[in-house]
Amino acid sequence: MIAEHQQLHMDVNYHAVLEVCLREILSFIKPSADDVLKRQNAIKEIAVAIQSDRSLMEAGAAVKPFGSYISDLYTKWGDLDISIDLAQSKPSPDDRQLKINVLHKIMRALQRIGVANNVEFVRARVPLLVYTSKCCKISCDISINNHAGYVKSCILRWISNTDKRFCEFVLVIKEWAKAQHINDPKTGTLNSYSLCLLIIFHFQTCTPAILPPLKELYEGNIVDGVKGGNTLRHIEASYSANFESYRSKISSRRNQSSLSELLTSFFDKFSGLDTLASDYVICTYTGKWEPINNSKIRWMRKFQTLLIEDPFEKNENAARAVGASGLTEISRVFKAMCRKLSTRLLLADRNSLLSNLLGPEIRSKFDAGRQQIHDRFGTQIDSSRLPQCYFVTQK
């Protein structure tokens, strides 16, 4: 009984330290009102550039933000994703070339009015124009007619609104993934959308579940559903009603896990990702690890290394950019983080904990802009419940 009590006390101490650190990080990386204003100004810059080009105006070009800005899942350093929607534009064999031509016009317009630095044209699967706003110091990615991106961004915002832990978790994991260099599809690792799907899956498969299988909120292919005439407002209403029904069913067994508890179980769950990836698809639509040999999943094999089904655009692999070496690195990082947290090694040294959760540049800003975490423990939690070693390392 004494041993069990001591272990419980140690677990409480462990999660208390980690929770305070996560809260400090979140208070620093969440965008301020000024960060929001900068993004609004960057959007206005693009609109002015488009208005300066007659052919773009005649094409009915309109500025439509999407991505983390719309889903409210961005940090103060997050990129700004913009879709330039063209009026009455329909898919055609020349669709890709049309997009490239329009992006070149936008690039020249931005350069003409002098608002862009480091302009780069990216001939990816989805052609992109990438630049940094001179005034706002924000990296902007412009694509053409990115209807699917906008729809997915809206849905992620709805999901985020159902439980504030989801938004907080996404922000922490994004910074962690950047610090560990596994959040860059250009290097064969995970894009931010894939990370969001991993988090949704974690929230679906923890005990008790926080989120239901997405098919319980909306059946079918949502992106195609909107194209077929269903408005996003109608789908949002259906989503909200179905989630409230789900929430009422689980009211007596709602998950009360803290952010630190969810974080440790997240790394544990995906620490064997390299092994699981050869046999299973991560499927948030059903909320399960689906066997690859499942008849409904076979289309995803296509010699891709990691399969994360896109629940909003069926028959798409959100992790298609992940290569063999990328998966190896992703798995190594998950395993290392799981090991460090399970042995409580990180909590013996605040700098080590921060270096694992934040990249060097962000960490230096964090240390310069925030007081030492232990200086604030007295007002946040009972310091007698924290391991003495945590304070020793702060001196």
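Heads up: the structure comes first, above all this text.
I will try to describe carefully the structure that is included in this document. Worth saying up front: this structure is predicted, and the values here are computed from it rather than measured.

1. Side note on the overall build of the protein chain
- A count of helical and extended segments in the protein chain gives 17 helices and seven strands.
- Counting the 395 residues in the protein chain, one finds 49% classified as buried.
- A separation threshold of at least 6 residues defines the contact pool for the protein chain, and within that pool the share at least 24 residues apart is 66%.
- For the protein chain, the exposed area adds up to about 18900 Å²; of that, 50% sits on carbon and sulfur atoms.

2. What about the packing of aromatic side chains?
- By the definition in use, this model includes 19 aromatic pairs.
- Centroid distance F28 to W77: 5.5 Å. Interplanar angle 55 degrees. Geometry classified as tilted. Here F28 is found in helix α1 (residues 2-29), whereas its partner W77 is found in the loop between α4 (68-71) and β2 (80-85), with 49 residues between them in sequence.
- A residue is classified by how much of its surface remains accessible, and F28, at 11% relative accessible area, is buried.
- By relative accessible area, W77 is classed as partly exposed at 26%.

3. Digging into the sheet that holds strand β1 (residues 62-66)
- A sheet is described by the order of its strands in space; here five strands give the open sequence β1-β2-β5-β4-β3, paired in mixed fashion. Strand pairing shows two members of the sheet lacking a second neighbour, β1 and β3 (116-122), which therefore form its edges. This sheet shows a mean twist of 25 degrees between the axes of neighbouring strands, independent of strand direction.
- Examined bridge by bridge, β1 and β2 share five bridges and lie antiparallel to one another. Residue pairing across strands places A62 opposite D85, the latter belonging to β2.
- Here helix α5 (residues 95-113) sits on the sheet and contacts β2, β3, β4 (128-133) and β5 (139-144); the angle it forms with β5, its principal contact strand, is near 145 degrees.

4. A look at the pattern of salt bridges
- A full pass over the atoms with the stated rule returns 17 salt bridges.
- With a shortest N-O distance of 3.6 Å, K365 and E361 are connected by a salt bridge. Highlighted residues: K365 and E361, both in helix α15 (residues 360-369), separated by four residues, approximately one helical turn.
- Owing to a relative accessible area of 54%, E361 belongs among the exposed residues under this scheme.
- Through salt bridges that share partners, E19, R23, K30 and E168 make up one connected network.

5. Regarding helix α11 (residues 259-269)
- Taking burial as the measure, the eleven residues of α11 include eight buried ones, the bulk of the element.
- Taken residue by residue, α11 has L259, S260, L262, L263, T264, F266, F267 and K269 as its buried positions.

6. With respect to the packing of helix α8 (residues 192-205) against α11
- Between α8 and α11, whose axes approach to 11 Å, the crossing angle comes to 105 degrees. Put simply, α8 runs roughly perpendicular to α11. On the side of α8, the interface is formed by L198, I199, H202, F203 and T205, while α11 contributes L262, S265, F266 and K269.
- Here the contact of α8 with α11 is built from residues that sort into five nonpolar, three polar and one charged.

7. Some details on unusual backbone geometry
- A cis amide bond links T207 with the next residue in sequence, P208, at an omega value of -10 degrees.
- Inspection of the secondary structure puts P208 in the loop between α8 and α9 (222-227).
- One non-glycine residue, K137, lies in the positive phi region at around 60 degrees.
- By the element assignment, K137 lies in the loop between β4 and β5.
- One non-glycine residue, N315, lies in the positive phi region at around 70 degrees.

8. Observations regarding the environment of L171
- Positionally, L171 belongs in helix α7 (residues 164-179).
- Dropping the residues within four chain positions of it, L171 is found in contact with L26, I29, K30, L73, Y74 and T75.

9. Some thoughts on the packing of α11 against helix α13 (residues 324-342)
- α13 packs onto α11 with a crossing angle of 135 degrees between their chain directions and a minimal axis gap of 8 Å. The angle between α11 and α13 places the two elements in the oblique class. Crossing geometry of α11 relative to α13 is assigned as left-handed. Here T264, F266, F267 and D268 of α11 come into contact with α13, specifically with F334, M337, C338 and L341.
- Looking at the contact of α11 with α13, its residues break down into six nonpolar, one polar and one charged.

Calculation notes
Counting restarts for each chain: residues are numbered from 1 in the order of the written sequence. With pLDDT at 70 or above as the cut-off, local features in this predicted model cover only qualifying residues; side-chain atom pairs require 80 or more to be listed or tallied, and sums for whole chains, interfaces and linings still use all residues. To obtain the side-chain values, all non-hydrogen atoms of the structure were used and water was disregarded. Secondary structure elements follow DSSP: runs of H or I no shorter than four residues count as helices, runs of E no shorter than two count as strands, and numbering proceeds from the N terminus. Note on exposure labels: buried denotes an accessible area under 20% of the residue type's maximum, exposed denotes more than 50%, and partly exposed covers the range between, all computed with a 1.4 Å probe on protein chains only. When checking whether two residues touch, look at their non-hydrogen atoms; a contact exists if any pair is within 4.5 Å. All accessible areas in this document rest on Shrake-Rupley with a 1.4 Å probe, and a residue is counted as covered only by the protein chains that are shown. Only the six-membered ring of Trp is used, alongside the rings of Phe and Tyr, when aromatic pairs are assigned; centres must lie within 6.5 Å, and planes under 30 degrees apart are stacked while those over 60 apart are edge-to-face, with the rest tilted. In this analysis, strands are considered paired if DSSP registers two or more bridges between them. Between N-to-C directions, angles span 0 to 180 degrees; the directions come from axes that are lines fitted to C-alpha atoms, helices contributing only their stretch in contact. Whenever Lys or Arg places a side-chain nitrogen within 4 Å of a carboxyl oxygen from Asp or Glu, that contact is recorded as a salt bridge. To sort the angles, those under 35 degrees are grouped as roughly parallel, those over 145 as roughly antiparallel, those from 65 to 115 as roughly perpendicular, and the leftovers as oblique. Only Asp, Glu, Lys and Arg are considered charged, only Ala, Val, Leu, Ile, Met, Phe, Trp, Tyr, Cys and Pro nonpolar, and every remaining residue, Gly among them, polar. Rotating anticlockwise by less than a right angle from the far helix to the near helix defines a left-handed crossing, while the corresponding clockwise rotation defines a right-handed one.

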